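Notes for the structure review
Each chain is listed here by its residues.
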Amino acid sequence: MPERITLALPSRGVLAEPTLDFLRDCGLAVHKPNPRQYTGSVRTLPGVDVLFQRVKDVVAKVEAGTVELGIAGYDLVRELESDDLLTINDQLGYGHCQLQLAVPTTWVDVQGMADLVDVAQDFRQYHHRNLRIATNFNHLARQFLHAHGLHHYSLVRAEGAIEAAPTLGYADCVIDLSQTGTTLRENHLRPLRGGTLLKSQATLIGNRGRLQALGQGPRKLLRTLLELTDAALQGRERYLLSANLAGEDPGRLARKIMDNPVTRGLEGPTLAPTWNDAGQRGYAVTLVISADQLLPAVEYLRSIGGRQASARPLRHVFLEESPSWLRLQRLLDDSPQS
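Residues numbered from 1 in each chain as written. Predicted model: local features only at pLDDT ≥ 70, side-chain atom pairs only at ≥ 80, totals over all residues. Heavy atoms only, no water.

Checked against the element boundaries, Gln100 lands in strand β7 (residues 97-104). Once residues within four sequence positions are removed from consideration, Gln100 is found in contact with Val174, Ile175, Asp176, Ser178, Leu184, Pro191, Gly195, Thr196 and Leu197. (Helix = DSSP H or I, 4+ residues; strand = E, 2+ residues; numbered from the N terminus. Contact = heavy atoms within 4.5 Å.)

As structure tokens, then:
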């Protein structure tokens, strides 16, 4: 029975630094004594060890049960697709990209997947070969292509940069990850309409067997880690909004606030009595507001007499239960055989 938890993190690549930044913002800063070492620790959770690996190896080690937890791209998790690999939270809020099918810009008549099916049939009929697609995502590519009725194709192992494959002549089109589309354009490729296989971002994963075997102590560590990451993600999306309202009746002011969905807040308003220099009574109202409703909430408070509104971002917002912890419980209760 494991007495500690090991968290595997990307050692290099586009997810490496953002992952460390994310954990620091969660209150889980990673301490790495030597930049050349492959191990680290989380000082706020002394029972958690950190192992730095290539991002593909992060997924492989979690799937194999070498470590309990890891952070990697959702694309790699879906590509492996194992019953032993649990997706605990696939929306950590960074590392956004898309797995896309892209064709040469010279294929002006190929706009959607139905057009590509026709092209594949033409290659088969007139060139006596399959459409060649360069990719490192064979499993996801096969699923996607078959779902769209494209069967005359060959997947080509990428040699260096995948986007260069059509130019170099060993593939006709590509399936690859793209963040902004710049690399595709620079290599004279464009995404196909309807050709997005999936949208990906940083994902927290775990090994089913290792997590089921955790003792009480490590299980408590795991719950703390999930509580802090969830609370930090919730805090990113919310502000603490305060304003002064004139009025004698706190119940009436509260009803005005609660009657408007914009200012209903996460858990209703908090009202505290105030007095101005003239001895007039009022109330200071405090609300937790979602980021996209911040300005509408300020405008509504102004319309009901609000003054001196101020807002500050929240670092952590703890809900009634950690969504990731609840999800993990359901995943662990749902065995692969059930």
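Moving on: the layout of surface pockets. One number sums up the size of the largest pocket: a volume of about 660 Å³. Every residue lining the largest pocket is counted, 27 residues in all, and those nearest its centre are Val14, Val55, Asp75, Cys97 and Leu177. Counting residues per element, the ones that place at least two in the lining of the largest pocket are α2 (55-64), α3 (74-80), β10 (173-178) and α7 (182-186). Within the lining of the largest pocket, the residues separate by chemical class into 9 nonpolar, 12 polar and 6 charged. (1 Å grid on protein atoms, 1.4 Å probe; cavity = no way out; pocket = protein on both sides within 12 Å on 5 of 7 lines; lining within 4 Å. Points joined across faces, edges and corners; volume = space filled by probe spheres on them. Nonpolar A, V, L, I, M, F, W, Y, C, P; charged D, E, K, R; others polar.)

Next up on the list: the pattern of salt bridges. Summed over the entire model, instances satisfying the criterion amount to 8 salt bridges. Among the ionic pairs, Arg54 bridges to Asp57, the shortest N-O distance being 3.0 Å. Note on Asp57: relative accessible area 24%, which makes it partly exposed. (Salt bridge = Lys/Arg side-chain N within 4 Å of Asp/Glu carboxyl O. Buried < 20%, exposed > 50% of the residue type's maximum accessible area, 1.4 Å probe, protein only.)

Here helix α4 (residues 113-127) is 15 residues long and its end C-alpha atoms lie 20 Å apart, about the 21 Å a rise of 1.5 Å per residue gives. What α4 keeps buried is the set Met113, Leu116, Val117, Val119, Ala120 and Phe123. With its buried residues spanning 160 degrees around the axis, α4 presents them on a single face. Within α4, the exposed residues directed more than 90 degrees away from the buried face are Ala114, Gln125 and Tyr126. Buried positions along α4 lie against β7, β8 (131-135), α5 (138-147) and β11 (189-200). With its phi angle positive at about 60 degrees, His128 sits one or two positions after the end of α4. (Expected span 1.5 Å × (residues − 1). Arc of directions from axis to C-beta.)

For the rest of this paragraph, the subject is the packing of helix α9 (residues 216-236) against helix α12 (residues 323-333). Relative to each other, α9 and α12 sit at 135 degrees, their axes nearing to 7 Å. Comparing the axis directions of α9 and α12 gives the class oblique. Contact residues: Arg219, Leu222, Arg223, Leu226 and Asp230 in α9; Pro323, Ser324, Trp325, Leu328 and Gln329 in α12. Here the contact of α9 with α12 is built from residues that sort into 5 nonpolar, 2 polar and 3 charged. (Axes fitted to C-alpha atoms, helices over the stretch in contact; angles between N-to-C directions. Parallel < 35°, antiparallel > 145°, perpendicular 65-115°, else oblique.)

Quick look at the domain arrangement of the protein chain now. Think of interface size as the accessible area that goes away when the parts come together; that is how it is often given. Taken as a whole, the protein chain is organised into domain 1 (5-95 + 201-235), domain 2 (97-196) and domain 3 (238-313). One C-alpha centre belongs to domain 1, the other to domain 3, and the line joining them spans 39 Å. (Domains from an automatic or database assignment.)

Moving on to the sheet that holds strand β6 (residues 85-89). Read across the open sheet, the 7 strands follow the order β2-β3-β4-β1-β5-β12-β6; overall the sheet is mixed. Across the chains shown, the open sheet's two edge strands, defined by having one partner strand only, are β2 (30-31) and β6. In the sheet, strand β3 (residues 39-42) pairs with strand β4 (residues 48-53) via 3 bridges, with the strands oriented antiparallel. Residue pairing in the sheet places Gly40 in a bridge with Val50 of β4. Those strands touched by α2 are β1 (5-10), β4, β5 (69-73), β6 and β12 (202-207), and its axis lies near 140 degrees from that of β5. (Pairing = 2+ DSSP bridges.)

Our focus in this paragraph is the environment of Leu28. Tracing the backbone through its elements, the reader meets Leu28 in the loop between α1 (16-25) and β2. Residues Leu28 and Glu248, spaced 220 residues apart in sequence, show a C-alpha to C-alpha distance of 45 Å. The contacts of Leu28, once residues within four sequence positions are left out, are Leu23, Val42, Thr44, Leu45, Leu225, Leu228 and Thr229.

Moving on to the packing of aromatic side chains. The tally for this structure, following the rule as stated, stands at 2 aromatic pairs. Taking the centre distance of 5.5 Å and the plane angle of 40 degrees together, the rings of Phe22 and Tyr94 count as tilted. With Phe22 in helix α1 and Tyr94 in the loop between β6 and β7, the pair connects residues that are 72 residues apart, well separated along the chain. Each member of the pair, Phe22 as well as Tyr94, carries the same accessibility label: buried. A cation over a ring is seen here: Lys32 above Phe52, with NZ or CZ 4.2 Å from the ring centre. (Phe/Tyr/Trp six-rings, centres within 6.5 Å; stacked < 30°, edge-to-face > 60°. Lys NZ or Arg CZ within 6 Å of the ring centre and 35° of its normal.)

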